[in-house]
Amino acid sequence: MFNSRSLIALIVTLILALVLANRANAELNIEITSGADNPTQIAIAPIQFGANKSADISKIIADDLRRSGLFEAMPRANMLSHPAVAKDVYYRDWRIVGIEYLVVGKALRQPDGRTQITFSLLEILGERTLFTHKVQGTDSESRDVAHYISDKVFETITGIQGAFSTRLAYVTATPEQGAMVYRLMISDADGARERLMLKSKEPIMSPNWSPDGKELIYVSFETGRPAIFRQRLVGAKREQLTNFRGLNGAPSWSPDSRSLALVLSKDGNPEIYLYSLAARSFSRLTRHFGIDTEPNWTPDGEAIVFTSDRGGSPQIYELTIGSGKIQRLTFKGSYNARPRLAADGRTLVMVHRDGGAFHIASQDLVTGDLRILTTTRLDESPTVAPNGAMLLYATKVGNRGVLAAVSIDAGVKYLLPSRQGDVREPAWSPFLR
Amino acid sequence: MKHSTLKATIFISVLSLFLAACSSTPSDSGTSTSNDAMSSGSVSTGSVGGDGVYGGGVDARGGVDTVFYFEFDKAILTPEAISALRIHAQRLMSNPVSVRLEGHADERGTREYNMALGERRGAAVKEFLMLQGVNGGVLEVISYGEERPAAMASDESSWAQNRRVEIK
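Criteria and thresholds
- Residues numbered from 1 in each chain as written.
- Chains lettered and ligands numbered in written order.
- Predicted model: local features only at pLDDT ≥ 70, side-chain atom pairs only at ≥ 80, totals over all residues.
- Heavy atoms only, no water.
- Helix = DSSP H or I, 4+ residues; strand = E, 2+ residues; numbered from the N terminus.
- Buried < 20%, exposed > 50% of the residue type's maximum accessible area, 1.4 Å probe, protein only.
- Contact = heavy atoms within 4.5 Å.
- Areas by Shrake-Rupley, 256 points an atom, 1.4 Å probe, with all protein chains shown as cover.
- Axes fitted to C-alpha atoms, helices over the stretch in contact; angles between N-to-C directions.
- Parallel < 35°, antiparallel > 145°, perpendicular 65-115°, else oblique.
- Left-handed = near helix turned anticlockwise from the far one by under 90°.
- Nonpolar A, V, L, I, M, F, W, Y, C, P; charged D, E, K, R; others polar.
- 1 Å grid on protein atoms, 1.4 Å probe; cavity = no way out; pocket = protein on both sides within 12 Å on 5 of 7 lines; lining within 4 Å.
- Points joined across faces, edges and corners; volume = space filled by probe spheres on them.
- Patch = residues over 30% accessible without salt bridge, like charges linked within 9 Å, V, L, I, M, F, W, Y side chains within 5 Å.
- Salt bridge = Lys/Arg side-chain N within 4 Å of Asp/Glu carboxyl O.
- pLDDT = per-residue confidence, 0-100.
- Domains from an automatic or database assignment.
- Polar contact = N/O pair within 3.5 Å; in protein donor to acceptor, adjacent residues only side chain to side chain.
- Pairing = 2+ DSSP bridges.
- Core = buried A, V, L, I, M, F, W, Y, C linked by side-chain atoms within 4.5 Å.

### What to know about the overall build of chain B
Part 1: Tallying secondary structure elements over chain B gives five helices and five strands in all.
Part 2: What you see in chain B, going N to C, is helices and strands ordered as α-β-α-β-α-β-α-β-α-β.
Part 3: Split into buried and exposed, the 168 residues of chain B put 49% on the buried side.
Part 4: The contacts of chain B with a sequence gap of at least 6 include a subset with a gap of at least 24, amounting to 77%.
Part 5: Here chain B has roughly 7800 Å² of accessible surface; of this, 57% comes from carbon and sulfur atoms.

Structure representation (structure tokens):
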């Protein structure tokens, strides 16, 4: 069976063959692909950061790596020493407790007030430094610096681009004084540094990122009807893009940034349209009396996948833009909806009904294998990390909506920090640099 | 296509291994974005027309239902809905005020598909009223999908209350 896990294994193996052939202990890297059952043992020595050196960013790094499911991070209390530079490392001390990799870092205050961290990744068994890098930031950027280090460490060991410096967008709904208040929020990928983008007494839905990660598109009912808006993160410039009778929904930004796929029902029933941002023109892509909705672009921008009940029940279809050819992709189960493609263009994730429960499932578009990734009953809105390793989705704990994550091989699962009210519709940003 | 994607992935991965810049700034935009985003957040949007007014044509207290319920994934009018809608149709023909037909779905399934489902339910009501002779121009279908539930619990009884069209 050629699933996503073995794909990652293959990629890692090929990278090893290509670039790590001359390195010893390549087996250590291969072991990572065995997933959460056998995580790589890593230690992050304390790294002080900021004006008074009170902030320790090593915990943020350790949490990042732990959440990936591929690493187990050594608790601080178990460390025999706290080296900050490679020359102070006694490899044997780390080796006897089973540590495979060690991250050390030293802060240097810059004249302009920024802190520069010189950090190294050490391979314990080979007793050598894999890299030494520098990164700097202001006191308020300590989390950015930590995620940057996590990305470098993750990339070097796994060969998979780190997604710790990315962001999430999501919607919250909170009852306040008897009425529901809706908020469009963004946060770091780990849920920290939550920021408010929009607050409304009317529903907000379907946030989606621009390919450069600098804008969001979403549906807001603030005019009394659903309408699609775009909004810049910086400067908060906002613009209403659609104002048709009926549905104005499910916007999805094209990989080339030039257009949106979206849903309008102005011609009588929900159809998918292409909206050119420069020309401000709409062209209709689907023509069917059934429901066509939830478009999502293939990474090459040549096709969209979408939900349609044209076959009698909601299923996923693919529409090639150039030819107009439509092909059904899902055949297992009576309800498959809201497709999202991973960056490999091959792994499709969706909401899949199994009996009376709605789970997140992935389907390998080459082999057709469908795999149910979640076990809770009201799971929806899957969104894949830009590196394809994890996906986020919305689920319910009790009667409350929360965000949860699962690795694409279903081995790792975690809940995001709980918040006030109902949290729903996560959208994982693209890589931001 | 698969092969080229794989190649690209490897290329990027390889690149990321070697593009280890000695000095780099972690996203300057990081914090400046947050400040500006906050200012956008404080500009909270007002709600327009959310209360929806039905110009007195229907008096819910007069005993005529203004909420109509549906089966899961269905947009078929019940006999109860049909008899109530006949009365609404008569009133709208004698007093053609603008009316919102707000369609809703229960929380099961995906949000945008439920938007389409809510609209399909609203459209079923609109079509029935038009068949009775009501001018379609006064009827606007607006779907809220699963975004405005009437009952909050995740059980059959709440779901049944949420699969509805409201005349406003």
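### A look at the packing of helix α3 (residues 58-67) of chain A against helix α5 (residues 142-158) of chain A
Residue and element names in this part refer to chain A.
Part 1: The contact between α3 and α5 brings their axes to 9 Å, and the two run at 45 degrees. Taken together, the axes of α3 and α5 lie oblique to each other. The chirality of how α3 crosses α5 is right-handed. In this structure, α3 uses I60, I61, D64 and L65 to contact α5, whose residues at the interface are R143, A146, H147, I149, S150, V153 and F154.
Part 2: Here the contact of α3 with α5 is built from residues that sort into seven nonpolar, two polar and two charged.

### Examining the layout of surface pockets
Part 1: Quantified by volume, the second largest pocket comes out at close to 440 Å³.
Part 2: Lining the second largest pocket are 31 residues, and of these K396, N399, D422 and R424 of chain A together with E107 of chain B sit closest to its centre.

### Observations concerning a nonpolar patch on the surface
Residue and element names in this part refer to chain A.
Part 1: On the surface, a cluster of nonpolar side chains totalling about 310 Å² of accessible area is made up of L80, I96 and V97.
Part 2: Turning to its location among the elements, I96 is positioned in the loop between α4 (91-95) and β5 (101-109).
Part 3: Using a relative accessible area of 60% as the deciding quantity, one classes I96 as exposed.

### Here we look at the confidence of the model for chain B
Residue and element names in this part refer to chain B.
Part 1: Looking at chain B as a whole, the pLDDT averages 74, with 63% of positions reaching at least 70.
Part 2: Segment residues 4-43: pLDDT under 50, and 74 contacts once partners within four positions in sequence are set aside and those in other chains are kept.
Part 3: Confidence over residues 45-61 falls short of pLDDT 50; this stretch has 33 contacts with residues more than four positions distant or in other chains.

### Focus on empty space enclosed by the protein
All names here are of chain A.
Part 1: On inspection of all chains with the given rule, the structure shows six cavities of 30 Å³ or more.
Part 2: Each pocket or cavity is described by its volume, and for the second largest cavity that value is around 140 Å³.
Part 3: By residue class, the composition of the lining of the second largest cavity is nine nonpolar, three polar and two charged.
Part 4: Residues lining the lining of the second largest cavity come from more than one domain, with at least three contributed by each of domain 1 (4-158) and domain 2 (167-428).

### Describing the environment of D344 of chain A
Residue and element names in this part refer to chain A.
Part 1: Tracing the chain through its elements places D344 in the loop between β23 (336-341) and β24 (347-354).
Part 2: Along the primary structure D344 and T298 are separated by 46 residues, whereas in three dimensions their C-alpha atoms are 9.1 Å apart.
Part 3: Here the side chain of D344 touches R346 through a polar contact of 2.8 Å, landing on its backbone nitrogen.

### Observations concerning the pairing of strand β6 (residues 115-123) of chain A
Residues and elements named next belong to chain A.
Part 1: In terms of burial, β6 is largely enclosed, as eight of its nine residues are buried.
Part 2: One ladder, built from nine bridges, connects β5 with β6; its direction is antiparallel. From the neighbouring strand, V104 faces β6, where its bridge partner is S120.
Part 3: Hairpin connection from β5 to β6: five residues lie between these consecutive antiparallel strands, with G113 at a positive phi of about 95 degrees.
Part 4: Direction of pairing for β6 relative to strand β7 (residues 128-137): antiparallel, over a ladder of nine bridges. The residue of β7 that forms the bridge with L121 is F131.
Part 5: Joining the antiparallel neighbours β6 and β7 is a turn of four residues, in which E127 adopts a positive phi near 50 degrees.

### Remarks on the pattern of salt bridges
Opposite charge on two side chains permits pairing when their charged atoms draw close.
Residues and elements named next belong to chain A.
Part 1: According to the stated counting rule, one finds 38 salt bridges over all chains in the structure shown.
Part 2: Taking the shortest distance from any N to any O, the salt bridge between R238 and E222 comes out at 2.6 Å. Of this pair, R238 sits in strand β14 (residues 238-240) while E222 sits in the loop between β12 (215-220) and β13 (227-232), and the two are 16 residues apart along the sequence.
Part 3: Residue R238 is classed as partly exposed on the basis of its relative accessible area of 30%.

### Some words on the nonpolar core
Residue and element names in this part refer to chain A.
Part 1: In this structure, L241, L260, L262, I304 and L391 are the most contacted members of the largest nonpolar core, which totals 46 residues.
Part 2: Here this core takes five residues from strand β16 (residues 259-264), the largest share from any one element.
Part 3: Filtering out sequence-adjacent residues up to four positions away, I304 remains in contact with A261, I272, L285, P295, N296, W297, T298, Y317, E318, L319 and I321.

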